[in-house]
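Residue-level structure breakdown
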Amino acid sequence: MAQLAQVIVDVPTMQTNRPYTYQVPTRLENQVQLGMRVVVPFGNGKRQVQGFIVGLDQPTRYNGQLKAIDALMDLQPVIGDELLSLSKWLADRTYAFWISSIYTMLPNMLKAKSTRVVKIIDEVDEQIAFDVFHGKDELDFATVQSNPQIVSLLLKLQRQGKVRFEYVVADKAKAKTTVGIRPQLSFEELEEARTSLHANAHAQNRLLSYLQSIIGKTVKQVDAEKISGLKAATFNTGVQKGWLTKVPIEVYRTPLGQEPLPDDHHLAKPLTLNDEQQAAANEIEQAIDDSRSRVFLLEGVTGSGKTEVYLQSIAKALQNHKTALMLVPEISLTPQIVNRVRHRFGSKVAVLHSGLSAGERFDEWRRINRGEAQVVVGARSAIFAPLTNIGVIILDEEHESSYKQDEAPRYHAREVAKWRGKYNNAPVVLGSATPSLESRARAMKGVYQLLQLKHRVNKRPLPPIKVVDMRPEIKERGESNFSRELLTKLTDRLAKNEQSILMLNRRGFSSFMMCRDCGEVLKCPNCDISLTLHMDSHTMKCHYCGHEEPIPRFCPHCGSREIRYYGTGTEKVERELAGLIPQARVIRMDVDTTRRKGMHEKLLRQFGQHKADILLGTQMIAKGLDFPNVTLVGVLNADTGLGLPDFRSSERTFDLLSQVSGRAGRADKKGEVIIQTYNPDHYAIRFAQRNDYEGFFKREMALRHQASYPPYYFTVRLMASHEDEAIAARAMAQIKEQLTKSLMPSTIILGPTPRAIARMKRRYYYQIVIKYKQDQHLHPLLQKILQETQSKGKNDVQISIDPDPQYFM
DNA sequence: AGCACGCCGACT
DNA sequence: GTCGGCGTGCTC
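Residues numbered from 1 in each chain as written. Chains lettered and ligands numbered in written order. Predicted model: local features only at pLDDT ≥ 70, side-chain atom pairs only at ≥ 80, totals over all residues. Heavy atoms only, no water.

Some words on the overall build of chain A
- On a plain count of helices and strands, chain A comes out with 23 helices and 34 strands.
- Relative to its length of 809 residues, chain A is compact, with a C-alpha radius of gyration of 31 Å against a globular reference of 28 Å.
- In terms of overall dimensions, chain A has a C-alpha envelope of 100 × 65 × 60 Å along the principal axes.
- For chain A, the proportion of contacts with a sequence separation of at least 24, taken over those separated by at least 6, is 75%.
- A total accessible area of about 37,700 Å² is found for chain A, and carbon and sulfur atoms account for 50% of it.
- Across chain A, the centroid of the 111 positively charged side chains sits 1 Å from that of the 90 negatively charged ones. (Helix = DSSP H or I, 4+ residues; strand = E, 2+ residues; numbered from the N terminus. Rg over C-alpha atoms; globule rule 2.2 N^0.38 Å. Contact = heavy atoms within 4.5 Å. Areas by Shrake-Rupley, 256 points an atom, 1.4 Å probe, with all protein chains shown as cover. Lys, Arg positive; Asp, Glu negative; His and termini not counted. Charge placed at Lys NZ, Arg CZ, Asp CG, Glu CD.)

This is the structure:
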């Protein structure tokens, strides 16, 4: 009986989200392996698609005629056993297509491009041959697809049997190569060739000697030229005479500034740990030794030396002949941290981040896949690095929301890390100065093991934080982003030739209403969550329960007319600053000034070289920066984030303020922090001012408990969209009915409500938020809803599901 | 996704 | 009568 293979095809729809069975042709029987890419026929006609082998020799219940695999795209599997089962789990967990989660784990280059080509097989009209086919005998269908006239013409020609549609699955995965030189003859034969040379053919004579010295080897031509001192032309002559051949040699693309460091010399030595660090490291290293899949929460204030604990844990894993994976939020994946790891572990390190080109990314991936790199540092998607035998997984800044992917598959890197930790029997270390409430709560329950670093390595106290109330400022001086106090301090730093960092909090740029007199933010009477301004309907809406009210003219709290929506931009602030302190040199860092590749690093380098006095930026400057000459940090608007319709808004504000405060006074000079706010008494700001994580945690937990939010409840968000608002709304109403019928009474269903941006890309969005403690009906029910509402075209309601959403907006 | 099949309106 | 519109259903 013929060998069978189960294949997941690259057709991301609900209907095709399952393996299809194919026959393995005899010629491929010895080569097929799980996790390889294949080209398979799929559907009517001659359509070909890329697929992945996810099973071999499993019985099939399919009664129809099986088709055969056309070709294997790989000699070695591109997904190992671990990642294969992870992909299945991921698809299930996040309600994504299996094929989508497979692609999420792989570099883009492994996604083959499938093109349709129209080939002329019989004489066609001259005019058509010229106009449509440009005189050639084939045509890329994609180039004419949008022209209905040409499309129908081609279809007509197809019916007449004059043209044929063909499919080409083209692999984009190309290794970069350089020219290599290999002697073609034996030592004696080369010697023989020497005798027939002209007496004055010195170069050829030298080439023969050189070739004799590299018998049986392949040398890059660039190196060969350097060593032998010969020119390219001489090597070409050698080829002509049959002395040598040129062969491609695979080389890795080297990202700029990431040239491999040699392993052998002056790798940075481990630093000496203090008692607290040592205690934490001991626990982690013990777990590595014992191959225990324990989760640790490493909670340490800024400057407490978490990174050194990470590095020594990685060293331990390597010592045990295992590999290590370290995740860092993209935003803090700065050369500073990367270099620290690379200087410790040299060429064992592979780095994955968004700045790499597709080719560079593919090469780093291959280095890992081949076992040439044992330490991986990267952002979110690096959690899928093809490491085997992982000894430890580290997530730095585990509370960062960027660990959650906000498009399908909507996975959280922390959850994937825990899965891989379990699979590999390896500990997972979650590190943060301000752990997420979820993680900290688990640590309190003993689900995670809490490791605390309470003291800073240099024993320096954290900089004092002053909160400035902007309400009287505005009253006395009118519109300004700068309080008198902040201006005075900035001028003072300028005089002392010290630097300052100013952060403009861009979170919450969306439109909410706040009173400039009393700081009151307009909230929903039912939900205790800010209302969002909807300009289309001229109303304030609650995105949780759907409550709606007119835009207020007076503050409902103090009656002031000074209630308006809130927000400002870095550019505006920069202009104001130029007017107030014209002599200050300012570097502005936001999405606009850092869009170009390498600009981020360049601006930071300039600031580090003191080419500016003030670094003005958005959240992107809150993390990881370490400039010894910075003695003042100012937060222009601490409270914008508080106005967001998001139950995590306080947590995020607390995190942000804690982070940015750590940027001041890193070295010997004393630092200080100014926080400007309209809500000086808000607990997130108060606790941040006192560096009191513990206090914040307790207070916030109480609020979450009271309002039934995570970590007391799990959440899922369902979204439906349609061009017709009524249809989207109706679909959601029906879904709600289904949910209410089948879910447990303790499960809370909120909505449906229109989303903050109710209309996007000409579609209307509605959402339902489900809060539950445990409900075994939920998962199967959501799967069922997805199946039933499977959209067959843009005329159908599209449903998407977001487990553990980061935002509810 | 892409393609075929199938059932209705305006044309060589 | 047929060409082609897009609703429906299937792809091992």
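Remarks on the state of the cysteines
- Following the criterion strictly, the structure yields zero disulfides and no others.
- Free of any disulfide, Cys515 has its nearest cysteine sulfur in Cys518, 3.7 Å distant.
- Here Cys555 is not disulfide-linked; the sulfur of Cys518 is the nearest cysteine sulfur, at 3.6 Å. (Disulfide = S-S within 2.5 Å.)

Examining a negative patch on the surface
- On the surface, Asp122, Glu123, Asp125, Glu126 and Asp131 cluster together into a patch of negative charge.
- Here Asp131 shows up in helix H3 (residues 126-131).
- Classification of Asp131 by relative accessible area gives partly exposed; the value is 44%. (Patch = residues over 30% accessible without salt bridge, like charges linked within 9 Å, V, L, I, M, F, W, Y side chains within 5 Å. Salt bridge = Lys/Arg side-chain N within 4 Å of Asp/Glu carboxyl O. Buried < 20%, exposed > 50% of the residue type's maximum accessible area, 1.4 Å probe, protein only.)

Let's talk about the sheet that holds strand S20 (residues 465-469)
- In space, the six strands of this open sheet follow the order S20-S30-S29-S21-S28-S27, with parallel pairing throughout. The open sheet has two edge strands, S20 and strand S27 (586-589), and neither has a second partner. The average angle at which neighbouring strand axes cross in this sheet is 15°, direction not considered.
- In terms of strand pairing, S20 meets strand S30 (residues 672-677) through five bridges, oriented parallel. Across the sheet, the residue bridging to Lys466 is Ile674, located in S30. (Pairing = 2+ DSSP bridges. Axes fitted to C-alpha atoms, helices over the stretch in contact; angles between N-to-C directions.)

What about the pairing of strand S16 (residues 375-378)?
- Judged by which residues are buried, S16 turns out to be covered on both faces: Val375 and Val377 on one side and Val376 and Gly378 on the other are all buried.
- One ladder, built from four bridges, connects strand S15 (residues 349-352) with S16; its direction is parallel. Pairing of Val349 across the sheet is with Val375, part of S16.
- Taking the sense of rotation as the criterion, the β-α-β connection linking S15, helix H12 (residues 358-369) and S16 turns out right-handed. (Right-handed = clockwise from strand over helix to strand, strands pointing away.)

Side note on the UniProt feature "binding site: Zn(2+) 1" (unreviewed entry) in chain A
- In the numbering used here, UniProt assigns the feature "binding site: Zn(2+) 1" (unreviewed entry) to Cys515, Cys518, Cys555 and Cys558. In three dimensions, the annotated residues from a span of 44 residues occupy one location, with a maximal C-alpha spread of 8.6 Å.
- Within the secondary structure layout, Cys518 lies in the loop between strand S22 (513-515) and strand S23 (532-534).
- Accessibility expressed as a relative area gives 3% for Cys555, which makes it buried.
- Apart from residues no more than four positions distant in its own chain, Cys555 is found in contact with Cys515, Cys518, Glu520, Ser560 and Ile563. (UniProt positions renumbered as here; feature names shortened; annotations may be inferred.)

Re the protein's contact with DNA strand C
- Around DNA strand C, the structure places 14 residues, and the nearest of them are Thr21, Gly43, Tyr62, Lys67 and Arg159.
- Put simply, 44% of the atoms of DNA strand C that lie within 4 Å of the protein are in sugar or phosphate.
- Thr21 places a polar main-chain atom, nitrogen or oxygen, 2.7 Å from a sugar or linking oxygen of DNA strand C.
- Measuring from a phosphate oxygen of DNA strand C, one finds a side-chain N or O atom of Lys67 at 2.3 Å.
- Broken down by element, the surface near DNA strand C gets its largest block of residues, three residues, from strand S2 (residues 20-24). (Near = heavy atom within 4 Å. Polar contact = N/O pair within 3.5 Å; in protein donor to acceptor, adjacent residues only side chain to side chain.)

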